Amino acid sequence: MMVKADHRHLYVQVIERLKKDIESGVFRENERFPSEYELARSLGVSRATLREALRVLEEEKVIVRKHGVGTFVNSRPLFSSGIEQLSSVSSMIRDAGMEPGTIFMEVSEMVPCDEDIAKFSCNEEDRLVTIKRVRTADHEPVVYCIDHVLAKHLPSGTATLMNESIFDAIEKNGTLRITQAVAHIEPVGYDDEASAILRCGVDVPLLVLLQHHYSEEGEMVLYSKNYFRADKFSFHVVRKRV
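Keep in mind it's a predicted model, so treat the numbers as computed, not measured. (Residues numbered from 1 in each chain as written. Predicted model: local features only at pLDDT ≥ 70, side-chain atom pairs only at ≥ 80, totals over all residues. Heavy atoms only, no water.)

**Q** Explain unusual backbone geometry to me, please; I cannot follow it from the model alone.
**A** Negative phi values dominate among residues other than glycine, just as trans dominates among peptide bonds. In this structure, His139 takes a positive phi of about 75° despite not being glycine. By secondary structure assignment, the location of His139 is in the loop between β5 (128-137) and β6 (140-150). When its relative accessible area of 73% is taken as the criterion, His139 is described as exposed. The residue Arg199 is not glycine, and still its phi comes out positive at about 60°. (Helix = DSSP H or I, 4+ residues; strand = E, 2+ residues; numbered from the N terminus. Buried < 20%, exposed > 50% of the residue type's maximum accessible area, 1.4 Å probe, protein only.)

Here is the structure:
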C-alpha cells in the first residue's frame, strides 16, 4: 500500500492512492478509515502529509470527518442531475435504472390565500390542492415532495397520483404543458418532518429544491418543495462563458 516516489507532491499521491482504494473496495462506503497513525504508517508518509490529503478529500466530499468518532468514506449519490434539465422525480429515478414508487400520500384542498392568488393568478373561486408524497427508488424513500397545484389542472380523483408523475397528471388533458421552471436550492442540515419521513438521522443532510413551474404560455402551474436526501442525490449546472 506504500506510496511510491514521483515528481508530484506527496499529498497528491496519497489522495490518488486513497481514491483508488475506495474505488476498488479496499475502503467501502460509510466505512471508517484506520487511525491517522495506522494509515500514515501503511502509506509510508508523515501524519502531516496524510492530514493535508484528508483535508482535500473532505473538501471534495469523498470522505467525512466526524469529531471524536473518526474519518468515514462518504456515500456516493445514486442520482445526479443537471439542474438546467427540467424532469420529474420519476424520470430521474428511472434514468438511474431504478423503479420509482410512492409509499405515502396526503391530499388536501383549500381556498387559496391572497399570496396563492397572486402566485397562481387565480381567483377566490378556485381551489388549491396540496399533495404530499414520499417518492421511493426500488422501495427506498429518497424524496419527500410537497406540490401545490390548482384543482382545475388535475384529473378527477387522486388515486393515480400514487404512481404517476405530477407532470403527467397535469398534462394528461392536453391543454397544458410545463416547459420551464425557476428553481432555488437550499441545504438543510435536518428537518423534523422531512428527515423523519425519509428515515435519515441528523448526520444525513437534505437538499431542498423549490420550484415555480410555468406553462408554454407563461402561466404558473405548479409550485413544488422537494426534500432530497443529499447522500442519494447530487445536482450540477453547466455554466457557459458569455
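Still more ground to cover, so stick around.
**Q** When you look at the side chain of Ser215 in this model, what are you seeing that I'm missing?
**A** Relative to the helices and strands, Ser215 is located in strand β8 (residues 206-215). Not counting the four nearest positions on each side in its chain, Ser215 is found in contact with Leu176, Arg177, Ile178, Thr179 and Val221. (Contact = heavy atoms within 4.5 Å.)

**Q** Please clarify how the sheet that holds β8 should be interpreted in this entry.
**A** Within a sheet, adjacent strands bond to each other through the backbone by hydrogen bonds, running parallel or antiparallel. One open sheet holds the 6 strands; their spatial order is β4-β5-β6-β9-β8-β7, and the pairing between them is antiparallel. Edge positions in the open sheet fall to β4 (100-110) and β7 (178-188), since each of these has one partner strand only. Between one strand axis and the next, the sheet turns by 15° as a mean value, whatever way the strands run. As judged from the 10 bridges shared by β5 and β6, these two strands associate in the antiparallel manner. Note that in β6 the partner of Val129 across the bridge is Val149. (Pairing = 2+ DSSP bridges. Axes fitted to C-alpha atoms, helices over the stretch in contact; angles between N-to-C directions.)

**Q** Any chance you could explain the packing of aromatic side chains here in plain terms?
**A** Given two aromatic rings, their pairing is described by the distance between the two centres and the angle made by the two planes. On inspection of all chains with the given rule, the structure shows 2 aromatic pairs. Their ring planes at 20° and their centres at 5.9 Å tell us that Tyr144 and Tyr227 sit as a pair that is stacked. With Tyr144 in strand β6 and Tyr227 in strand β9 (residues 220-229), this residue pair connects regions lying 83 residues apart in the sequence. Just as Tyr144 is buried, Tyr227 falls in that class too. The ring of Phe72 has Lys66 lying over it, and the distance from NZ or CZ to the ring centre is 4.8 Å. (Phe/Tyr/Trp six-rings, centres within 6.5 Å; stacked < 30°, edge-to-face > 60°. Lys NZ or Arg CZ within 6 Å of the ring centre and 35° of its normal.)

**Q** Any chance you could explain the packing of helix α2 (residues 36-43) against helix α3 (residues 47-59) here in plain terms?
**A** Helix packing geometry: the angle between the two helix axes and the distance between the axes. It is the contact of α2 with α3, at a shortest axis distance of 9 Å, that shows an interaxial angle of 105°. Between α2 and α3, the interaxial angle falls into the category roughly perpendicular. Mapping the contact onto sequence places Glu36, Tyr37, Leu39, Ala40 and Leu43 in α2 and Arg47, Leu50, Arg51 and Leu54 in α3. Considering only residue class, the contact of α2 with α3 consists of 6 nonpolar, no polar and 3 charged. (Parallel < 35°, antiparallel > 145°, perpendicular 65-115°, else oblique. Nonpolar A, V, L, I, M, F, W, Y, C, P; charged D, E, K, R; others polar.)

**Q** Mind showing me how you'd approach the environment of Val208 here?
**A** Its location among the elements puts Val208 in strand β8. For the pair Val208 and Val143, spaced 65 residues apart in sequence, the C-alpha to C-alpha distance is 9.7 Å. Beyond its immediate chain neighbours, meaning those up to four positions away, Val208 contacts His184, Ile185, Glu186, Val188, Lys225, Asn226 and Tyr227.

**Q** Can you help me understand the pattern of salt bridges in this one?
**A** When their charged atoms lie close together, side chains carrying opposite charge are able to pair. Inspection of every chain in the model, using the stated rule, returns 10 salt bridges. Of the charged contacts in the structure, one is a salt bridge between Arg51 and Glu36, with a shortest N-O distance of 2.7 Å. Placement of Arg51 in helix α3 and of Glu36 in helix α2 is noted, with a sequence separation of 15 residues between them. Several salt bridges converge on common partners, so that one network encompasses Glu36, Arg47 and Arg51. (Salt bridge = Lys/Arg side-chain N within 4 Å of Asp/Glu carboxyl O.)

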